[in-house]
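Observations on chain architecture
If you want the building blocks of each chain, they are given just below.
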Amino acid sequence: MLSIMKNRSVIIQENVASIQQRLHTAAQRAGRPSREITLVAVTKNVLLEDIRSALSAGVKTLGENRIQEAKPKFAQIGPTVGWHFLGHLQTNKARTAAAIFDMIQSIDSTRAAQALDQEAGRLDRQLDVLVEVNLSGEESKFGMSPQQLETLLPELRKNRNLRLRGLMTLAPMVADPSLARPFFRELAAWFRRFQASMGPAWDTLSMGMTNDFEVAIEEGATLVRIGTGIFHTPELRRSA
Ligand SMILES: *Cc1c(COP(=O)(O)O)cnc(C)c1O
């Protein structure tokens, strides 16, 4: 059978539309307005051309894991879209991070936060930050234990150039997304626990990736981070 290969750009645009549709449906199921949920397209190992295709499909925020990789992309795309950092931040990269990113989702130490605060101050910027929480205790993961939050949050708050917006987690990799639900539910409970003391800026609960974002939305996610479902689907592998 003769088949006409769709080009990558079309496939990526269809992927974005499909993720947005699923996001909307999951929000409806949870009785939540989908506009309160931000889609971050995770672009680690993704070429500039494919990123541009996602942007033309309506993606407004990009997530990157490595400063060195983000730098040339930022130079090309510029600050007209939102830039979120998702990786482990080394203090010697804080200056570049503060210059590129609007939000650092992965604060995992007071030291990293202080370095970032200093560099943000130098640039006269306010940076949004989330605290990364490691709920499963897996050693391969970065992040604070949730029990640390009580003492840590007031400490982090002293950084005047950082705006503490909420929490982020990576659920353990599981074949069945419903197995991630208890982790999302737990993070949402920790998030709510600090709502009163942190005030109205405390509004972001970042959880859910390609395999489990619908479950995360049902449990209260306000931001989902999608890489594979946009940039690494089987159709794209065939078209490469
Ligand atoms: C890669 C990555 C994602 C995206 O994961 P997918 O399963 O590809 O959607 C989300 N968050 C973080 C922190 C990541 O490193």
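These notes cover the structure that comes with them. Keep in mind it's a predicted model, so treat the numbers as computed, not measured.

1. Brief notes about the layout of surface pockets
When its volume is computed, the largest pocket comes out at roughly 560 Å³. Lining the largest pocket are 26 residues, with Lys 44, Leu 170, Met 173, Met 209 and Arg 225 positioned closest to its centre. In the lining of the largest pocket, the residues fall into twelve nonpolar, nine polar and five charged. Put simply, the second largest pocket is a space of about 210 Å³. Contributing to the lining of the second largest pocket are Gln 20, Leu 23, His 24, Ser 34, Ile 37, Thr 38, Leu 39, Gly 58, Val 59, Lys 60 and Thr 61. Where the lining of the second largest pocket is concerned, the elements lending two or more residues are helix 1 (8-29) and strand 1 (38-42). Of the residues forming the lining of the second largest pocket, the biggest block, three residues, is contributed by helix 1. When grouped by side-chain class, the residues that make up the lining of the second largest pocket number four nonpolar, six polar and one charged.

2. Comments concerning the nonpolar core
Grouped together as the largest cluster of nonpolar side chains are 69 residues, with contacts concentrated most on Phe 101, Leu 116, Val 131, Leu 153, Leu 167 and Ile 230. Looking at this core element by element, the count peaks at seven residues for helix 1. If we ignore the near neighbours within four places in the chain, the residues touching Leu 153 are Val 131, Leu 164, Phe 194, Met 198 and Trp 202.

3. What about the site of the ligand?
Taken together, Val 42, Lys 44, Asn 65, Leu 86, Met 209, Thr 210, Arg 225, Ile 226, Gly 227 and Thr 228 form the complete shell of residues around the ligand. Taking Asn 65, its side chain carries an N or O atom lying 2.7 Å from an oxygen atom of the ligand. Contact with the protein chains hides 87% of the accessible area of the ligand, taken as 390 Å² for the molecule alone. Counted by class, the shell around the ligand contains four nonpolar, four polar and two charged residues.

4. Some details on the environment of Ser 53
Topologically, Ser 53 is positioned in helix 2 (residues 48-56). Separated by 44 residues in sequence, Ser 53 and Ser 9 place their C-alpha atoms 5.2 Å apart. Apart from the residues lying within four places of it in its own chain, the contact partners of Ser 53 are Ser 9, Ile 12 and Gln 13.

5. A closer look at unusual backbone geometry
Residues other than glycine seldom take positive phi values, yet Asn 45 does so here, at roughly 60 degrees. Within the element layout of this structure, Asn 45 appears in the loop between strand 1 and helix 2. The class for Asn 45 is exposed, based on a relative accessible area of 58%. The backbone of Asp 124 sits at a positive phi, close to 60 degrees, despite the residue not being glycine. Following the sequence through the fold, Asp 124 ends up in the loop between helix 5 (110-122) and strand 5 (127-132). We classify Asp 124 as exposed; its relative accessible area is 72%.

6. Notes on the packing of aromatic side chains
Applying the stated rule across the entire model yields four aromatic pairs. When the ring of Phe 85 is compared with that of Phe 101, the centres are 5.2 Å apart and the planes differ by 55 degrees; the resulting orientation is tilted. On the criterion of sequence distance, the pair formed by Phe 85 in strand 3 (residues 82-85) and Phe 101 in the loop between helix 4 (94-100) and strand 4 (103-107) is long-range, its members being 16 residues apart. With relative accessibility at 1%, the residue Phe 85 sits in the buried group. With relative accessibility at 0%, the residue Phe 101 sits in the buried group. Both rings, one in Phe 191 and one in Trp 202, keep their centres 5.5 Å apart while their planes meet at 15 degrees; by these two values the pair is stacked. Placement of the pair is Phe 191 in helix 7 (residues 181-193) and Trp 202 in the loop between helix 8 (195-198) and strand 7 (204-206), with a sequence separation of eleven residues. Trp 202 matches Phe 191 in its accessibility class, with the two residues each being buried.

7. Describing the environment of Thr 43
Following the sequence through the fold, Thr 43 ends up in the loop between strand 1 and helix 2. Through-space distance from the C-alpha of Thr 43 to that of Gly 227 is 6.3 Å; in sequence the pair is 184 residues apart. Sequence-distant contacts of Thr 43, defined by excluding residues within four places in its chain, comprise Ile 51, Leu 62, Gly 63, Glu 64, Glu 69, Lys 73 and Phe 231.

About the thresholds
- Residues numbered from 1 in each chain as written.
- Predicted model: local features only at pLDDT ≥ 70, side-chain atom pairs only at ≥ 80, totals over all residues.
- Heavy atoms only, no water.
- 1 Å grid on protein atoms, 1.4 Å probe; cavity = no way out; pocket = protein on both sides within 12 Å on 5 of 7 lines; lining within 4 Å.
- Points joined across faces, edges and corners; volume = space filled by probe spheres on them.
- Nonpolar A, V, L, I, M, F, W, Y, C, P; charged D, E, K, R; others polar.
- Helix = DSSP H or I, 4+ residues; strand = E, 2+ residues; numbered from the N terminus.
- Core = buried A, V, L, I, M, F, W, Y, C linked by side-chain atoms within 4.5 Å.
- Buried < 20%, exposed > 50% of the residue type's maximum accessible area, 1.4 Å probe, protein only.
- Contact = heavy atoms within 4.5 Å.
- Near = heavy atom within 4 Å.
- Polar contact = N/O pair within 3.5 Å; in protein donor to acceptor, adjacent residues only side chain to side chain.
- Areas by Shrake-Rupley, 256 points an atom, 1.4 Å probe, with all protein chains shown as cover.
- Phe/Tyr/Trp six-rings, centres within 6.5 Å; stacked < 30°, edge-to-face > 60°.

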